[in-house]
Amino acid sequence: MRIELPHSPEAQAQIAALRARDGYVSDISLALRYRPELFGQPVSGFFQEVMKGPSDWTEAERELFAAFVSARNQCPF
């Protein structure tokens with residue numbers, strides 16, 4: 001079952017641009033743009049910290065780990 005949530009006009013424009021560029025829009029991308037002040041902005045900040053913040057692993061290694069996990073879960077990255 002898929003629930004369609006209404007996005008703001010600004011978010012709808014961003015989604016349309018992504019769809020035109022990539023041919024699809026991932027569920028996480030849709031979720032990040034739905035009520036961004038509640039979910040999208042805090043989670044995006046967390047993602048940036050995890051992927052680019054201080055770590056023993058390089059940014060490239062972290063990107064590779066994320067791509068590997070996504071592939072194992074059959075999730076488009």
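Keep in mind it's a predicted model, so treat the numbers as computed, not measured.

**Section: the overall build of the chain**
Line of reasoning, step 1. Assigned secondary structure in the chain consists of four helices and zero strands.
Line of reasoning, step 2. The order of helices and strands in the chain, counted from the N terminus, is α-α-α-α.
Line of reasoning, step 3. Counting all 77 residues of the chain, 18% fall into the buried class.
Line of reasoning, step 4. For the chain, the share of sequence-separated contacts (at least 6 apart) that also reach a separation of at least 24 residues comes to 19%.
Line of reasoning, step 5. Of the roughly 6300 Å² of accessible surface on the chain, a fraction of 61% belongs to carbon and sulfur atoms.

**A few points about the confidence of the model for the chain**
In low-pLDDT regions, the fine details of the predicted coordinates are not to be read closely.
Line of reasoning, step 1. Of all residues in the chain, 97% attain a pLDDT of 70 or more, and the chain-wide mean is 91.
Line of reasoning, step 2. Mean pLDDT values over the elements of the chain span from 89, in helix H2 (residues 27-33), up to 95, in helix H1 (residues 9-22).

**Some remarks on the packing of helix H3 (residues 40-52) against helix H4 (residues 59-72)**
Line of reasoning, step 1. Relative to each other, H3 and H4 sit at 120°, their axes nearing to 8 Å. Along the contact surface, H3 presents Glu49, Val50, Met51 and Lys52, while H4 presents Glu59, Arg62, Glu63 and Ala66.
Line of reasoning, step 2. For the contact of H3 with H4, the residue count by class is three nonpolar, no polar and five charged.

**Details of a nonpolar patch on the surface**
Line of reasoning, step 1. Residues Ile28, Leu38, Phe39, Phe46, Phe47 and Val50 make up a contiguous nonpolar surface patch of about 570 Å² in total accessible area.
Line of reasoning, step 2. Looking at which element gives the most residues to the nonpolar patch, the answer is H3, with three residues.
Line of reasoning, step 3. In this fold, Phe46 is placed in helix H3.

**Some thoughts on H3**
Line of reasoning, step 1. Taking 1.5 Å of rise per residue, 13 residues should cover 18 Å, and H3 covers 18 Å from first to last C-alpha, within 8% of that figure.
Line of reasoning, step 2. Buried residues in H3 make contact with H2 and H4.

**Side note on the pattern of salt bridges**
Line of reasoning, step 1. Inspection of the entire model under this criterion finds three salt bridges.
Line of reasoning, step 2. A salt bridge links Asp22 to Arg21; the shortest N-O distance between them is 2.8 Å.
Line of reasoning, step 3. Across the salt bridge formed by Lys52 and Glu59, the nearest N and O atoms sit 2.7 Å from each other.

**A few points about the side chain of Arg62**
Line of reasoning, step 1. Position of Arg62 relative to the elements: it lies in helix H4.
Line of reasoning, step 2. Here the side chain of Arg62 touches Val50 through a polar contact of 2.9 Å, landing on its backbone oxygen.
Line of reasoning, step 3. With residues up to four places along the chain from it excluded, the contact list for Arg62 reads Glu49, Val50, Met51, Lys52, Gly53, Pro54, Ser55 and Trp57.

Criteria and thresholds
Residues numbered from 1 in each chain as written. Predicted model: local features only at pLDDT ≥ 70, side-chain atom pairs only at ≥ 80, totals over all residues. Heavy atoms only, no water. Helix = DSSP H or I, 4+ residues; strand = E, 2+ residues; numbered from the N terminus. Buried < 20%, exposed > 50% of the residue type's maximum accessible area, 1.4 Å probe, protein only. Contact = heavy atoms within 4.5 Å. Areas by Shrake-Rupley, 256 points an atom, 1.4 Å probe, with all protein chains shown as cover. pLDDT = per-residue confidence, 0-100. Axes fitted to C-alpha atoms, helices over the stretch in contact; angles between N-to-C directions. Nonpolar A, V, L, I, M, F, W, Y, C, P; charged D, E, K, R; others polar. Patch = residues over 30% accessible without salt bridge, like charges linked within 9 Å, V, L, I, M, F, W, Y side chains within 5 Å. Salt bridge = Lys/Arg side-chain N within 4 Å of Asp/Glu carboxyl O. Expected span 1.5 Å × (residues − 1). Polar contact = N/O pair within 3.5 Å; in protein donor to acceptor, adjacent residues only side chain to side chain.

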